[in-house]
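Chain by chain, the residues:
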Amino acid sequence: VLWNEEVEEMLDVKRNLIWQDKFINFSLKYVSFYLLLVIVIFGTIVSDVFLTGQNIMNILKQISVNGILACGFTFVLLSGGFDLSLGANTSLCCCLVIGFQNGGMNMYFAILLVILVGMLVGLINATIMRFIRAELSDIFMVTMGTTMLVFSVALTYTQGYELYVNNTDFTAIGMGSLFGVVPYPVLILAVLMVIAQTILLKTSLGRKLYFTGGSKTASFHAGIKVPNVRTFAFIASGFAAALAAVVMTSRTTGANSHCANGYEFDACVAAIIGGIALGGGKGDMRHTLIGVLIMGIMVNIMNLTGIPSVVQMIIKGIMLIIMIYVGILQQRPRQMRVIREIKIKGDV
Amino acid sequence: MYKMQQAILIKRIVSKNVVILVSVAAFIVFSFIKPLFISATNLNGLLIEAPSYGLAAIGLTFCLLCNQLDISMGAVISLSTVLFALLSPVLGFAFALLIVFAAAILVGMINGLLVGLAKLDAFMISLSTMTAVRGVALLITDTKPVPCHDPIIVAIGNMNIGFVPVVFIFFLAMVFVAEFVLKYTMFGRNIYAVGAAPAAAAATGIKTRFTIFIVFVINAFFSALSGFVMLTRMQSGSPILASDAALSIISMVVIGGTALNGGRGGALRTLSGIIIMGLIFNIMSMMNIYVNIQNLIKGAIVLGVVVMDRYAANKNKKV
């Protein structure tokens, strides 16, 4: 009889705790959404031009490059990886897409070739990881090494000079808009996000990506070819880098060997602020979109209020730390508190 | 029988000190190929170059032995150079130095608290602090380099004993202090234990979290020393200094034979890594190799070292 009472009591505690945890998890789960709301409200208060249609269109155009990169980064993060070479890869693709066209190549062929180059860099990363059976910490090192390689290839290609576009068809991608309303960069970002979301949620490849990120060993024992899934993720990030390079160069009409260095950090901050877990297995394109919007609006507000871009670096760094901590909190509380409380009750 | 034992002993000594042997061999071969290589000026250049990233590499050795990858060294180096260059005319040498080290240790403490106590990922945290600290360095200098004409700095930079610069002797002293701390004190042994098997170390009563915290503080301290040595050489502080520091320093430590996942290595091994990397780049500059090809080779070295280290460690894993 006593035993039954104890069990009842324990179950009661557990039920209570689960409700508390559900509340905490609910508030933690949508923390990035609240952040977005707060930033939008803050923006409307400090600047009166913030909510004009012109400014919103500007924000959307500005986030397109970072958004495309963040899409690629999301795939890598979900598979339990990290891609530091994304920025250098984008720089290389920027140089190549202009260089090919200035060398007299057809525009579409040049874009296709550059996308292949971007995917090749991803493939090289993934192949090294397959060879050394890399953990997350090894992936940091490997992509850091390939960053150096890709950067010096870009530097060798450009010889340190700036390259400029002189093809108006190509700049139309960045400057023009569909029916005069939707700019092409925004359209490309939207289409890419829809495709990525479909792959993640509706295909077996997407499910495998989540499993691989969740637990590498368990997925291996479930018969998933983990290295292949990871290769796919890195090729996707290379694809995103090349696409971002095309959009970027067609907007800015110029490139050099280090024009996109540091963009991998922005993409990573965007994905993690949105709620993609470091180490993989959690989050989808909605999170990435929220993260990219937060970053874009934050930068926009700072530009409107005249805060120097250097302060943005500091704020990005601090924000990344906070969001990593929130990401850990999201995973921690439930199991720990239930177990601890049951232990206390169990002693009685 | 005796000969066999001797052969095994020689084999073991060779395999343990392969990096040192290779650097000695490279040194001898190149002094025959290029007589200029062993001129006093070049050797002085080699020795003056070694401590600048070398001190930070000693600090990183502590971190890597504890299985924590810190990449914020470059930012701390540049912050300490600009802080000293800005403060020394106002506050004087000693007080400026104090503030520089206090700032560096503060960064190390932030890293250490977040990684050691909150158990966040070391790489990501140091990536964030790196960005934030470099932002601070750019902010306080208004993104411009700052000259530093402090007489003591200039004097230290020009001080030589024979052809050996005095900063190199200081660097060697720091290496031996680090090696002594790592090998012959309880704290040093704890670092190895925490790096190799954190759960076992915690079970034997070692304060693993505190050890990780201290390791980050030590790394930041050595990075500040490194920045100070670079300041004596260049006599100016720059907020964009040492942007390739993480890669160079990690390759120095790992090529010396310190494992990336902790528990194996030491300060003397790092010293051999620093010397061989210095030799490689000195030789490449002597052979008139372009700087971007040098970067390519640097990246390839990092990749090669990481692949060798990790392939051997993960050979029996399934995925």
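Computed from a predicted model, the values in this text were never measured in an experiment.

Student: Give a description of the overall build of chain A that names residues and reports values.
Tutor: Looking only at helices and strands, one finds 15 helices and 4 strands in chain A. By the burial criterion, 51% of the 348 residues in chain A qualify as buried. In chain A, of all internal contacts separated by at least 6 residues, the share reaching a separation of at least 24 is 78%. Accessible surface computed for chain A: about 15900 Å², of which carbon and sulfur atoms make up 67%.

Student: Talk me through the overall build of chain B; I want residue IDs and the actual numbers.
Tutor: Along its length, chain B carries 14 helices and 4 strands. In terms of overall size, chain B behaves like a compact globule, its C-alpha atoms giving a radius of gyration of 20 Å where 319 residues would be expected to give roughly 20 Å. With the principal axes as the frame, chain B shows a C-alpha extent of 70 × 55 × 35 Å. Of all 319 residues assigned to chain B, the portion counted as buried reaches 55%. In chain B, of all internal contacts separated by at least 6 residues, the share reaching a separation of at least 24 is 78%. For chain B, the exposed surface amounts to about 14200 Å²; the carbon and sulfur share of it is 72%. Charge centroids of chain B, computed over 20 positive and 8 negative side chains, lie 16 Å from each other.

Student: How would you sum up the interface of chain A and chain B? Please name residues and give values.
Tutor: As a measure of interface size, the accessible area lost when the parts come together is often cited. Across the boundary between the two partners, chain A contributes 42 residues, which contact 43 residues of chain B. For chain A, the biggest contributors to the area lost against chain B are Arg133, Met141 and Met148 of chain A; these three give 18% of the whole. A salt bridge links glutamate 135 of chain A to lysine 317 of chain B; its shortest N-O distance comes to 2.7 Å. Counting every contact that joins chain A to chain B gives 7 residue pairs in polar contact (both at pLDDT 80 or more). For the side of chain A that touches chain B, the elements supplying multiple residues, two or more each, are helix H5 (107–132), helix H6 (136–158), helix H10 (216–221), helix H11 (226–252), helix H12 (263–274) and helix H14 (309–331) of chain A.

Student: Residue-level account of the environment of valine 319 of chain B, with values.
Tutor: By secondary structure assignment, the location of valine 319 of chain B is in the segment after helix H14 (291–313). Valine 319 of chain B sits in the buried class, given a relative accessible area of 12%. With 118 residues separating them along the chain, valine 319 of chain B and alanine 201 of chain B place their C-alpha atoms 27 Å apart. Apart from residues no more than four positions distant in its own chain, valine 319 of chain B is found in contact with Arg133, Lys216, Thr217, Phe220, Val226 and Pro227 of chain A.

Student: How would you explain unusual backbone geometry if you had to name every residue and give the values?
Tutor: Within the chain, glutamine 159 of chain A stands out as a residue other than glycine whose phi angle is a positive 60°. Phi at threonine 143 of chain B takes a positive value of approximately 60°, unusual for a residue other than glycine. You can see threonine 143 of chain B is positioned in the loop between helix H6 (122–141) and strand S1 (146–147).

Student: Provide a residue-level description of the nonpolar core, including the pertinent values.
Tutor: One broad rule of soluble globular proteins: the nonpolar side chains tend to lie buried together. Counting 194 residues, the largest nonpolar core has Phe82 of chain A together with Ile58, Phe62, Phe84, Phe123, Met124 and Ile249 of chain B as the members making the most contacts within it. The element contributing the most residues to this core is H11 of chain A, with 13 residues. Each residue touching phenylalanine 123 of chain B, except ones within four places of it in the same chain, is listed here: Phe82, Leu84, Phe140 and Met144 of chain A together with Leu69 and Ile71 of chain B.

Student: Residue-level account of the pattern of salt bridges, with values.
Tutor: One pass over the full model with this rule turns up 11 salt bridges over all chains. Between aspartate 309 of chain B and arginine 310 of chain B there is a salt bridge, with the nearest N and O atoms lying 3.5 Å from each other. With respect to class, aspartate 309 of chain B is no different from arginine 310 of chain B; both count as buried. A single salt-bridge network, built from bridges that share partners, covers Asp138 of chain A together with Arg264, Asp309 and Arg310 of chain B.

Student: Give me the lowdown on the side chain of threonine 231 of chain A, citing residues and values where you can.
Tutor: All names here are of chain A. Counting through the fold element by element, threonine 231 comes out in helix H11. A residue is classified by how much of its surface remains accessible, and threonine 231, at 10% relative accessible area, is buried. There is a polar contact of 2.6 Å between the side chain of threonine 231 and the backbone oxygen of proline 227. In this view, threonine 231 contacts Leu123, Ala126 and Arg130; residues no more than four positions away in its chain are not counted.

Student: Can you lay out the packing of helix H4 (residues 73–91) of chain B against helix H5 (residues 93–117) of chain B for me, pointing to particular residues and giving the numbers?
Tutor: Residues and elements named next belong to chain B. At a closest axis distance of 8 Å, the pairing of H4 and H5 adopts a crossing angle of 150°. Classified by the angle their axes make, H4 and H5 are roughly antiparallel. The handedness of the crossing between H4 and H5 is right-handed. In this structure, H4 uses Val76, Ser80, Leu83, Phe84, Leu87, Ser88 and Leu91 to contact H5, whose residues at the interface are Phe93, Phe95, Ala96, Leu97, Ile99, Val100, Ala103, Ala104 and Val107.

Student: Describe the environment of valine 229 of chain A, with residues and values.
Tutor: Its location among the elements puts valine 229 of chain A in helix H11. Once the C-alpha coordinates of valine 229 of chain A and alanine 260 of chain A are considered, the two residues, 31 residues apart in sequence, prove to be 27 Å apart.

Student: Break down the packing of aromatic side chains for me, citing the residues and quoting the values.
Tutor: Applying the stated criterion across every chain, the model contains 15 aromatic pairs over all chains. Taking 3.5 Å as the distance between ring centres and 10° as the angle between the ring planes, the aromatic pair formed by phenylalanine 140 of chain A and phenylalanine 123 of chain B counts as stacked. Placement of the pair is phenylalanine 140 of chain A in helix H6 and phenylalanine 123 of chain B in helix H6, with the two residues belonging to separate chains. No difference in accessibility class separates phenylalanine 140 of chain A from phenylalanine 123 of chain B, as the two residues are buried. Ring centres of phenylalanine 93 of chain B and phenylalanine 228 of chain B lie 6.2 Å apart, and the angle between their planes is 65°; on these two criteria the pair is classed as edge-to-face. Within this pair, whereas phenylalanine 93 of chain B is found in helix H5, its partner phenylalanine 228 of chain B is found in helix H11 (residues 208–234), the two being separated by 135 residues in sequence. The same class applies to phenylalanine 93 of chain B as to phenylalanine 228 of chain B, namely buried.

Student: Which residues make up the packing of helix H4 (residues 86–102) of chain A against H6 of chain A, and what values go with them?
Tutor: Residue and element names in this part refer to chain A. Across the interface, H4 lies against H6 with an axial gap of 8 Å and an inter-helix angle of 25°. Viewed along their axes, H4 and H6 adopt a mutual orientation that is roughly parallel. Of the two possible hands of crossing, H4 and H6 adopt the one that is left-handed. From H4, Ala88, Asn89, Leu92, Cys95, Leu96, Gly99 and Phe100 reach across to H6, where they touch Thr147, Val150, Phe151, Val153, Ala154, Tyr157 and Thr158. Taken together, the residues that form the contact of H4 with H6 break down as 10 nonpolar, 4 polar and no charged.

Student: Give a detailed account of the environment of leucine 201 of chain A, specifying residues and quantitative values.
Tutor: All names here are of chain A. Here leucine 201 shows up in helix H8 (residues 184–202). With relative accessibility at 35%, the residue leucine 201 sits in the partly exposed group. Through-space distance from the C-alpha of leucine 201 to that of methionine 148 is 34 Å; in sequence the pair is 53 residues apart.

Thresholds, definitions, all that
- Residues numbered from 1 in each chain as written.
- Chains lettered and ligands numbered in written order.
- Predicted model: local features only at pLDDT ≥ 70, side-chain atom pairs only at ≥ 80, totals over all residues.
- Heavy atoms only, no water.
- Helix = DSSP H or I, 4+ residues; strand = E, 2+ residues; numbered from the N terminus.
- Buried < 20%, exposed > 50% of the residue type's maximum accessible area, 1.4 Å probe, protein only.
- Contact = heavy atoms within 4.5 Å.
- Areas by Shrake-Rupley, 256 points an atom, 1.4 Å probe, with all protein chains shown as cover.
- Rg over C-alpha atoms; globule rule 2.2 N^0.38 Å.
- Lys, Arg positive; Asp, Glu negative; His and termini not counted.
- Charge placed at Lys NZ, Arg CZ, Asp CG, Glu CD.
- Buried area = accessible area lost by both parts, 1.4 Å probe.
- Salt bridge = Lys/Arg side-chain N within 4 Å of Asp/Glu carboxyl O.
- Polar contact = N/O pair within 3.5 Å; in protein donor to acceptor, adjacent residues only side chain to side chain.
- Core = buried A, V, L, I, M, F, W, Y, C linked by side-chain atoms within 4.5 Å.
- Axes fitted to C-alpha atoms, helices over the stretch in contact; angles between N-to-C directions.
- Parallel < 35°, antiparallel > 145°, perpendicular 65-115°, else oblique.
- Left-handed = near helix turned anticlockwise from the far one by under 90°.
- Phe/Tyr/Trp six-rings, centres within 6.5 Å; stacked < 30°, edge-to-face > 60°.
- Nonpolar A, V, L, I, M, F, W, Y, C, P; charged D, E, K, R; others polar.

That's the geometry; what it means functionally is another story.
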